[in-house]
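Overview (structure and organization)
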Amino acid sequence: MSVPTPSDDGHLIVVSSLGAAHRRTFFETVSAHYPIWLFVGGPGRAQEPSWELPYVVGHTSVDTLDADAMRAAVRALPEHVRVRGIVCYDEARVVAAAKLATTLGLPAPDPDAVLRCRDKHLTRTALDAAGVPQAQSLAVRSLDEALAAAQKIGYPVVLKPRNLAASFGVTRADSDSDVAAAYAAAGEKTLPEVLEHHEDGVLVEEYLDGEEISIDSACFDGRIEPQVVAHKLVGYPPNFLEMGHTVSAGDPLLNDPEVREVVIGAHRAVGFDTGATHLELKLTSRGPRVVELNARLAGGLIPYLGRLTGGADLELAAATIACGEVPDLSRTDGAPVAAIRYFYPPHDLVVGELYFDGSALPASVERAELLTAPGEPVRLPPRGSAWESYLAQAVVTGETVSGCHRDLDAAGAAVVVVPA
Ligand SMILES: Nc1ncnc2c1ncn2[C@@H]1O[C@H](COP(=O)(O)OP(=O)(O)OP(=O)(O)O)[C@@H](O)[C@H]1O
Ligand SMILES: [Mg+2]
């Protein structure tokens, strides 16, 4: 990968990069079109890029949770760096990035709209006011309130923290005693970079039945353009661990009028209009219902799966929109199906050895990456989620959904983990 030539048209600031396995695809595609200047770091935490270096023309270590600190960092950029747009796909930083872009007069979503997505209670309130179909949801501040909410909604219910991510502390509850455990799990969990605290910080929600899908959209010029439908696989009940996603070229749900109405209605309800989004839906027996709307590019390599199936390049579209241009949403030839799977250990362990048995990996594997390293503890739900739980991931392409899933089973069997 060659270093892109800085262009006279200006630079794209990317706020936070996250892990290579999850976000290298963004840097690969965007750096071929825009010179990237990376902002990395957290509160009181200086940071240096590593895997990102081949893709960026420069970087600044700054508290990327702090819009004012980032504005000062923009002022301190070398004279030849002209900021043309700002992109952020890190859930903890989307509000700060939107504030930064807004104060610089760059294309951006309204920071209040982004906050309405970031805070699941504000999302629910906005969708409710607009009549967008979703789960009934109540914010509670005590176990007694949680029990009363569960009884009012009716079992089963889902309890979740109001503003975390990656399914931390999200649990299904089928009875009063389940609610007690789920309330404790949702209330106890914190993530070091989520600074906001709400007294009524736990949501009790109606359990939405049916298949789970997500829809990723490009939003610009007053248009909400759905681009990728991914079918989500979850596991480890009563928790909701992300197991994988499957994308099919020409998925009829992309043009399903009822789904499109919910997608567009949800965006209008929160007021999000500029950038890429990730909307999670359950296809319930009563129709599509919103789980949540993320004001950012999806995780789980979903935009990359979309691209593998011939869909528009949403990662590039996010950058293009951030720079005030109209994204290219045309489709190309691709695989009929692309899918990702996360691989988890059979039980909690500390990793001794971890590798893929290369001879056992199917030829359809596009990418296979280890997600943890020797010496690291791995904890399954309810003790851990996401990066605390997984060992590895693989992406495959194929002719059919069942063929992709068979190949992903084989890729999972090729993961070798030896406990320390
Ligand atoms: N009301 C609900 N009914 C049924 N399932 C739900 C409900 N709310 C959440 N879930 C399940 O839990 C998962 C995680 O919930 P949610 O998306 O609200 O939290 P999150 O922490 O933002 O998770 P992630 O970042 O993994 O999307 C959902 O993808 C879905 O599978
Ligand atoms: Mg979610």
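An ideal rise of 1.5 Å per residue puts 18 Å on 13 residues; helix 7 (residues 176–188) measures up with 18 Å between its terminal C-alpha atoms. What helix 7 keeps buried is the set Val179, Ala182, Tyr183 and Ala186. Along helix 7, the residues classed as buried sweep out an arc of 110° about the axis, all on the same side. What points out from helix 7, more than 90 degrees from its buried face, is the exposed set Ser177, Ala181 and Glu188.

Here we take up empty space enclosed by the protein. Per the counting criterion, the structure on display carries two cavities of 30 Å³ or more. The computed volume of the largest cavity comes to approximately 250 Å³. For the largest cavity, the lining is made up of 22 residues, of which Ile86, Val87, Cys88, Pro109 and Thr274 are closest to its centre. When contributions to the lining of the largest cavity are tallied by element, the ones reaching two or more residues are strand 4 (83–87), helix 3 (94–103), strand 12 (275–284) and helix 10 (314–322).

What follows covers the coordination of the magnesium ion (ligand 2). Within the first shell, the magnesium ion (ligand 2) binds the protein through Glu280 (OE) and Glu292 (OE), at distances of 1.9 to 2.0 Å. Highlighted residues: glutamate 280 in strand 12 and glutamate 292 in strand 13 (residues 287–294), separated in sequence by 12 residues. Relative accessible area serves as the criterion here: at 13%, glutamate 292 is assigned to the buried category.

Let's shift gears to the sheet that holds strand 15 (residues 349–356). Strand order in the open sheet formed by three strands is 17-15-19, and the pairing between neighbours is antiparallel. The strands lining the two open edges of the sheet, one partner per strand, are strand 17 (377–378) and strand 19 (415–419). Across five bridges, the pairing between strand 15 and strand 19 is antiparallel. Note that in strand 19 the partner of valine 351 across the bridge is proline 419.

A word on the site of ligand 1. By nearness alone, 20 residues border ligand 1, and Lys120, Lys160, Ala166, Ser167 and Glu212 come closest of all. Here glutamate 206 contributes a backbone N or O atom positioned 2.9 Å from a nitrogen atom of ligand 1. Taken by itself ligand 1 offers 600 Å² of open surface, and the protein chains cover 97% of this. Of all the secondary-structure elements, those providing two or more residues to the shell around ligand 1 are strand 6 (157–161), strand 8 (202–206), strand 10 (223–235), strand 12 and strand 13. Looking at the shell around ligand 1, its residues break down into 10 nonpolar, one polar and nine charged. Looking at the shell around ligand 1, you find at least three residues from each of domain 2 (136–206) and domain 3 (211–419).

The next subject is the confidence of the model for the protein chain. Per-residue confidence for the protein chain gives a mean pLDDT of 95, with 97% of residues at or over 70. The low-confidence segment residues 1–6 (pLDDT under 50) makes 15 contacts with residues lying over four places distant or belonging to another chain.

Domain boundaries in the protein chain define domain 1 (11–108), domain 2 (136–206) and domain 3 (211–419). In this structure, domain 1 and domain 2 have C-alpha centres spaced 33 Å apart.

Core analysis: the biggest nonpolar cluster contains 52 residues, and Leu12, Val14, Phe26 and Phe27 have the highest contact counts within it. Considering each element in turn, this core owes the most residues, seven residues, to helix 10. Look past the residues within four positions of valine 14 in its chain and what remains in contact with it is Phe26, Phe27, Ile36, Trp37, Leu38, Phe39, Val87 and Tyr89. The next biggest cluster of nonpolar side chains, apart from the first, holds 46 residues, and it includes Val262, Leu279, Leu293 and Ala295.

On a regular strand, one side chain projects to one face of the sheet and the next to the other, so that they alternate. Of all five residues that make up strand 2 (residues 36–40), five are buried, and the element is covered over most of its length. Burial along strand 2 is two-sided: the residues Ile36, Leu38 and Val40 and Trp37 and Phe39 are all buried. Here strand 1 (residues 11–15) pairs with strand 2 via four bridges, running parallel. Its bridge partner lying in strand 2, leucine 12 is registered against isoleucine 36. After leaving strand 1, the chain enters helix 1 (residues 20–30) and then returns to the sheet as strand 2, a path that is right-handed. By the bridge criterion, five bridges tie strand 2 to strand 3 (residues 56–61) in an arrangement that is parallel.

This paragraph deals with unusual backbone geometry. Across the junction of tyrosine 155 and proline 156, the peptide omega takes the value -5°, indicating a cis bond. Along the chain, the position of proline 156 falls in the loop between helix 6 (143–153) and strand 6. The step from proline 237 to proline 238 runs through a cis peptide bond, and the omega angle for that step is 10°. Checked against the element boundaries, proline 238 lands in the loop between strand 10 and strand 11 (241–248). Although it is not a glycine, aspartate 221 sits at a positive phi angle of roughly 50°. Its location among the elements puts aspartate 221 in the loop between strand 9 (211–220) and strand 10.

Tallied over the entire structure, the rule returns 19 salt bridges. Taking the shortest distance from any N to any O, the salt bridge between lysine 160 and glutamate 205 comes out at 3.1 Å. Linking lysine 160 in strand 6 with glutamate 205 in strand 8, this pair joins segments that are 45 residues apart in sequence. Of the two residues, lysine 160 and glutamate 205, both sit in the buried class. Beyond isolated ion pairs, a larger network of salt bridges with shared partners links Glu91, Arg118 and Arg296.

The rules behind the values
- Residues numbered from 1 in each chain as written.
- Chains lettered and ligands numbered in written order.
- Predicted model: local features only at pLDDT ≥ 70, side-chain atom pairs only at ≥ 80, totals over all residues.
- Heavy atoms only, no water.
- Helix = DSSP H or I, 4+ residues; strand = E, 2+ residues; numbered from the N terminus.
- Expected span 1.5 Å × (residues − 1).
- Buried < 20%, exposed > 50% of the residue type's maximum accessible area, 1.4 Å probe, protein only.
- Arc of directions from axis to C-beta.
- 1 Å grid on protein atoms, 1.4 Å probe; cavity = no way out; pocket = protein on both sides within 12 Å on 5 of 7 lines; lining within 4 Å.
- Points joined across faces, edges and corners; volume = space filled by probe spheres on them.
- Donors = N, O, S within 2.8 Å, 3.2 Å for Na, K, Ca; no water.
- Pairing = 2+ DSSP bridges.
- Near = heavy atom within 4 Å.
- Polar contact = N/O pair within 3.5 Å; in protein donor to acceptor, adjacent residues only side chain to side chain.
- Areas by Shrake-Rupley, 256 points an atom, 1.4 Å probe, with all protein chains shown as cover.
- Nonpolar A, V, L, I, M, F, W, Y, C, P; charged D, E, K, R; others polar.
- Domains from an automatic or database assignment.
- pLDDT = per-residue confidence, 0-100.
- Contact = heavy atoms within 4.5 Å.
- Core = buried A, V, L, I, M, F, W, Y, C linked by side-chain atoms within 4.5 Å.
- Right-handed = clockwise from strand over helix to strand, strands pointing away.
- Salt bridge = Lys/Arg side-chain N within 4 Å of Asp/Glu carboxyl O.

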